[in-house]
Structure formats: structure tokens, C-alpha cells
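# What the coordinates show
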Amino acid sequence: MSDKATLEIHGKTYELPIVVGSENEVAIDIKSLRNDTGGVITIDPGYKNTGSCESAITFLDGEKGILRYRGYSIEELAEKADFLEVAYLLIFGELPTQEQLDKFHADIKHHSVVDDDVKKIIEAFPKSAHPMGVLSSLTSALTAFNPSSVDINSEEAMYNAIVRILGKFPVLVSWTMRKKQGLPLEYGDDNLGYVENVLKMMFKRPGKDYQQNKILVDALDKLLILHADHEQNCSTSTVRITGSSHAGLFVSLAAGISALWGPLHGGANQAVLEMLEAIKEDGGDTKKYMAKAKDKNDPFRLMGFGHRVYKNFDPRAKIIKKSADEVLGDLGVEDPILDIAKGLEKEALEDQYFVDRKLYPNVDFYSGIIYRAMGIPVEMFTVMFALGRLPGWIAQWREMRLRKEPIGRPRQLYTGETQRSFKDISKR
Ligand code: CMC
């Protein structure tokens, strides 16, 4: 293959370098296009064809349904690793030794205390506030309590900021849920594993011991691993672009949380469950909802179906579907919603509309069913996604800063009015 792409504009030819990734993905390097051509840009709303960066963190092949973190397949990591190991892997590039992992965990625990004044901020939110809005605000507010900016030239400063947020974030997650439920805002237990501690912080009732349930711990561990990174999706791109202005880590993460909230992104897990509930309430007629999803005059979409990058089964969905069966079986939960989900999936996979558009179930289609079986309220589902995605956002922010990427600042094609004279208000 030539290492140059040729572009002809108005009879003039330009050569653009071709760059090849480590999995042989091919990209045309247009860095000098505007300069060389005297102003020509490319346009690609939604960035369907645009690589925003080079990254060594996550590899995804949407056609083949492959997802790997730092070269390790998602299937292997979900089966063999725990969430904290995966977080270390994503952020620092290699699986930790036992010693590195122990230190990482100890440092995270050491930094998990959240300034008590944060409770006053939580108190100010109405109980009706959506947990994602609260979480984004609290993550941003952490900056006020930890004001020093991260010196990216100091490995130690970078590490300290990372363990701080990994320690404090689960506390914010659990306090967000507990506030909604009117429960006291407490801490967990430093003797527990990261995920066990999250569960204890979320579910411990006042005056009662919290008994760990291995099924729940394993299920949550797996779900968090599956959500931990997904290369340049909407929220991750938001984190990178926010951080590219040299805004701090915590506020860049807060921006990512807001981006994740939308129903086309992380908010889909809540939307899926609400959709399945609505179908159940409506008599379980999946065909009616399939027809709505296909009707171009109806804004309804089959939530949990389709993906910008996967044009094949989302490998995470395969793992989660199996896990949903196991968790519900192990917990002895019979959930009619699971049957509706399976029915809907079967119909969609056989339907020409979905086949033609390569629409398969995505990570969010079955995750809500597991969260529900674990006793997590529907409005918290996207918060759980954020908890899982945290290491990925951190890894991407760190990579972007260490590579000294320029500020993200796309161009546009202006389609508005050309110059005109101001009209006095009496003449408009
Ligand atoms: N139900 C019905 N039709 C759909 C759906 C759906 N869920 N998803 C895509 N389509 C149709 C769409 O109408 C379009 O049809 P046509 O070509 O006739 O106009 C075609 O499929 C292509 O869709 P698109 O909107 O151009 O694709 P996109 O890459 O811009 O959007 C998506 C990807 C995930 C936003 C979209 O599939 C969607 O809205 N899905 C439902 C929401 C969802 O489950 N989101 C979670 C994504 S996975 C978690 C994460 O990583 O964020």
C-alpha cells in the first residue's frame, strides 16, 4: 500500500501521509491540510470518520466485535482480573505486580476521605435531583477542597491526583444514592476490597452489619471491568477535550460525567429498564415496540440496541447477558423483565430492519437487569457506569496530557448570513 493518499482539489493535487496503527488500522493524516491548501478543511459531524488522537489504551474492532484493554481481551479480563487490577492496567499500561497492586489499593484507601463540608453541598440538593447531576457537581466541587493543580511533569503529583479521585469517587457515588434514600452518609471499611467497600458504602443500613454477598461482589466487579474503557466515545472525548485546555483532572471528569448522562450514551441503561418496564405495563407486546422503533415518524428507539462502532455483537453484551442469567439464578430472582428483554433481542436479531442496519444489543441492554437484581435504584444505573468508566477517563486524560496534545478546537463550515448592516430596533 502507498504511504501517501492523493487528494485533488480544484485541479491541484496534494499528498497526505498515511499512518498505520498497531492493528493495521489506516488513517490519512490531515494535520497540514488547511495550511497546504490555503484553508480547506474536512467536515464530519459526529466524527464518524475522524480519529481525534493516537492512543495506546484500548483497541476496538466494531466489525469483528473485539475489545481489548492494553492488548488483553475483555473476555479474559472479565474472567480473571479484578476491577482494581484493570484500573491499574488501563492507567499505567501494565498489569500490576502484587506489591504494586497492594500499594495502589493502600494509597486509594488513604485518600478516600472526603471533606466533611461536601455533605453540606449534598444537603442543598433536593431529593428529586438526578444522581448524575449530583455526581457531576460533587466531582467538580472536589476541586474546591483539593485546589492545587496537577503538575503533569511530576509522576508523583500525577499519581497522587489519580489515587485521590479513585478513593473519593466511590464515596460520592454512595452518598449520592444514600441522600436520595434518606440514609446517613457514612464511610465503608478499609479492610475490604475496592468493590466490596463500594457495596457496603451503598447498602449498609444504620444499626445493622452489612453481610457481603460473593455473587453481588463478583457481578459488580465484572460490570465495572466491562465499562472501564471504550476508547474515544462521547464522554471520554469530552474528558480529553476538557483536559486539553489544561483544566484539572477532577473538572475534566465532571464534564465526562455530564456527557455520559445522555440516553444515547451511558443514560441508555436507565432508559432500557424504563423501556422494558413500559413494555411490561403495556401487556408485554414486544412486536408493538419493534414497530415503533422502525417507524421513522416515531422518535422511539429500541434502547440498548445499536452502537456507533459495533456493527456486530457488542462483546460486553455477550458477557453481561450470561452474567444476568447467572446472577438472577444465583440470587433466586425471577424477573419478567429478563424474559421481555430476551424476547425483544430475539425478534430484533431476526428483523430485517435491524439486520440491515447491523443493530445488535449493546452493553446497556442487560446491565440494568443485573443492577436491579442487586437492589440498585434505576436512577443510579448511569452512576454505576460512571464508577466503572472512571479508570478509563483517568487513563485517557493522563495519556492526553503526557503526550502534550494541543487544545481540542474543531473547525466549522459557516452556513449563516454573510455580512449585513445593523437594523435599528424600530425598523425590524
Ligand atoms: N432503534 C431503532 N433504530 C435505530 C437504533 C435503535 N436503537 N439505533 C440506530 N437505529 C437506526 C437509525 O434510525 C438509522 O436508521 P436509518 O439509516 O434508516 O436512518 C440507523 O439505525 C443508523 O443509526 P444512527 O443513529 O445513524 O447511528 P449512530 O452511530 O449515530 O448512533 C447510537 C448510535 C448508539 C446513538 C444509536 O444506535 C442509538 O440511539 N441507540 C439507542 C441508545 C443506546 O442504546 N445507547 C447506548 C450505546 S452503548 C453504551 C455507550 O458506550 O454509550
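Described below are features of the structure shown in this document. Fair warning: this is a prediction, and the values are worked out from it, not measured in the lab.

## Some points on the pattern of salt bridges
Tallied over the full model, the rule gives 27 salt bridges. Among the ionic pairs, Lys346 bridges to Glu350, the shortest N-O distance being 3.4 Å. With a gap of four residues between them, Lys346 and Glu350 both fall in helix H15 (residues 336–350), about one helical turn apart. For the pair shown, Lys346 and Glu350 are each scored as exposed. Put simply, Arg240, Glu399, Arg403 and Glu405 are held in one network by salt bridges that share partners.

## Section: the packing of helix H13 (residues 286–294) against H15
For any two helices packed against each other, the geometry is given by the interaxial angle and the distance between the axes. In contact at an axis separation of 10 Å, H13 and H15 are set at 50° when each is read in the N-to-C sense. On the basis of their axis angle, the class for H13 and H15 is oblique. In this structure, H13 meets H15 at a crossing whose hand is right-handed. Contact with H13, carried on its side by Thr286, Lys287 and Met290, involves Ile340, Leu344, Glu347 and Ala348 of H15 and no other residues of that element.

## Side note on helix H12 (residues 268–281)
Between its terminal C-alpha atoms H12 stretches 19 Å, which fits the 20 Å expected from 14 residues at 1.5 Å a residue. When H12 is considered as a whole, its buried residues turn out to be Ala268, Asn269, Gln270, Ala271, Val272, Leu273, Met275, Leu276 and Ile279. Tucked into the core, H12 has its buried residues touching H13, H15, helix H17 (364–373) and helix H18 (381–402). In the segment just after H12, Gly283 is the residue with positive phi, at about 95°.

## Quick notes on the site of the ligand
Taken together, the neighbourhood of the ligand is formed by 22 residues, with His265, Arg301, Leu302, Gly304 and Arg308 sitting nearest. In the environment of the ligand, a nitrogen atom lies 3.0 Å from a nitrogen or oxygen atom belonging to the backbone of Leu264. Between the ligand and Gly304, the relevant distance is 2.8 Å, taken from an oxygen atom to a main-chain nitrogen or oxygen of the residue. Against a free-state accessible area of 930 Å², the protein chains account for coverage of 79% of the ligand. For the shell around the ligand, a count of residues per class yields ten nonpolar, six polar and six charged.

## Looking at a positive patch on the surface
Taken together, the side chains of Lys48, Lys296, Arg301, Arg308 and Arg357 make up a positively charged region of the molecular surface. Considering the arrangement of structural elements, one finds Arg301 in the loop between H13 and helix H14 (315–331). Take Arg301: its relative accessible area is 59%, and that puts it in the exposed class.

## Re the sheet that holds strand E3 (residues 26–28)
Overall, antiparallel pairing links the three strands, which are arranged E1-E2-E3 in an open sheet. Only two strands of the sheet have a single neighbouring strand rather than two, namely strand E1 (4–9) and E3. Across the sheet, the axes of successive neighbouring strands diverge by a mean angle of 30°, strand direction being ignored. With six bridges connecting them, E1 and strand E2 (residues 12–20) associate as antiparallel partners. Bridge assignment links Glu8 to a residue of E2, and that residue is Thr13.

## Remarks on the sheet that holds strand E6 (residues 72–73)
The sheet built from three strands is open, its strands ordered E4-E5-E6 with antiparallel pairing. Whereas interior strands pair on both sides, the edge strands pair on one side only; in this sheet they are strand E4 (58–61) and E6. The sheet contact formed by strand E5 (residues 66–69) and E6 spans two bridges and is antiparallel. In the strand pairing of E6, Arg68 is matched with Ser73.

## Re the nonpolar core
Among the nonpolar cores identified, the biggest contains 116 residues, and Tyr69 and Leu302 are the most heavily contacted of them. No other element matches the 13 residues that helix H7 (residues 155–180) contributes to this core.

## What to know about the side chain of Arg240
Considering the arrangement of structural elements, one finds Arg240 in helix H10 (residues 234–243). Overall, Arg240 belongs to the buried group, its relative accessible area being 4%. A distance of 2.7 Å separates polar atoms of two side chains, one belonging to Arg240 and the other to Glu405. Sequence-distant contacts of Arg240, that is, excluding residues within four places in its chain, are made with Cys53, Glu54, Ser55, Gln232, Gln396, Glu399, Met400 and Glu405.

## Some details on the layout of surface pockets
Size it by volume and the second largest pocket reaches roughly 460 Å³. Forming the boundary of the second largest pocket are 23 residues, of which Ala81, Asp82, Val217, Asp218 and Asp221 lie nearest the centre. Looking at the lining of the second largest pocket, the elements with two or more residues in it are helix H2 (74–80), helix H3 (83–92), helix H4 (98–110), helix H8 (194–203), helix H9 (214–227) and H14. When residues in the lining of the second largest pocket are grouped by element, the largest group, seven residues, is from H9. Partitioning the lining of the second largest pocket into residue classes produces eleven nonpolar, three polar and nine charged.

What counts, and where the lines are drawn
- Residues numbered from 1 in each chain as written.
- Predicted model: local features only at pLDDT ≥ 70, side-chain atom pairs only at ≥ 80, totals over all residues.
- Heavy atoms only, no water.
- Salt bridge = Lys/Arg side-chain N within 4 Å of Asp/Glu carboxyl O.
- Helix = DSSP H or I, 4+ residues; strand = E, 2+ residues; numbered from the N terminus.
- Buried < 20%, exposed > 50% of the residue type's maximum accessible area, 1.4 Å probe, protein only.
- Axes fitted to C-alpha atoms, helices over the stretch in contact; angles between N-to-C directions.
- Parallel < 35°, antiparallel > 145°, perpendicular 65-115°, else oblique.
- Left-handed = near helix turned anticlockwise from the far one by under 90°.
- Contact = heavy atoms within 4.5 Å.
- Expected span 1.5 Å × (residues − 1).
- Near = heavy atom within 4 Å.
- Polar contact = N/O pair within 3.5 Å; in protein donor to acceptor, adjacent residues only side chain to side chain.
- Areas by Shrake-Rupley, 256 points an atom, 1.4 Å probe, with all protein chains shown as cover.
- Nonpolar A, V, L, I, M, F, W, Y, C, P; charged D, E, K, R; others polar.
- Patch = residues over 30% accessible without salt bridge, like charges linked within 9 Å, V, L, I, M, F, W, Y side chains within 5 Å.
- Lys, Arg positive; Asp, Glu negative; His and termini not counted.
- Charge placed at Lys NZ, Arg CZ, Asp CG, Glu CD.
- Pairing = 2+ DSSP bridges.
- Core = buried A, V, L, I, M, F, W, Y, C linked by side-chain atoms within 4.5 Å.
- 1 Å grid on protein atoms, 1.4 Å probe; cavity = no way out; pocket = protein on both sides within 12 Å on 5 of 7 lines; lining within 4 Å.
- Points joined across faces, edges and corners; volume = space filled by probe spheres on them.

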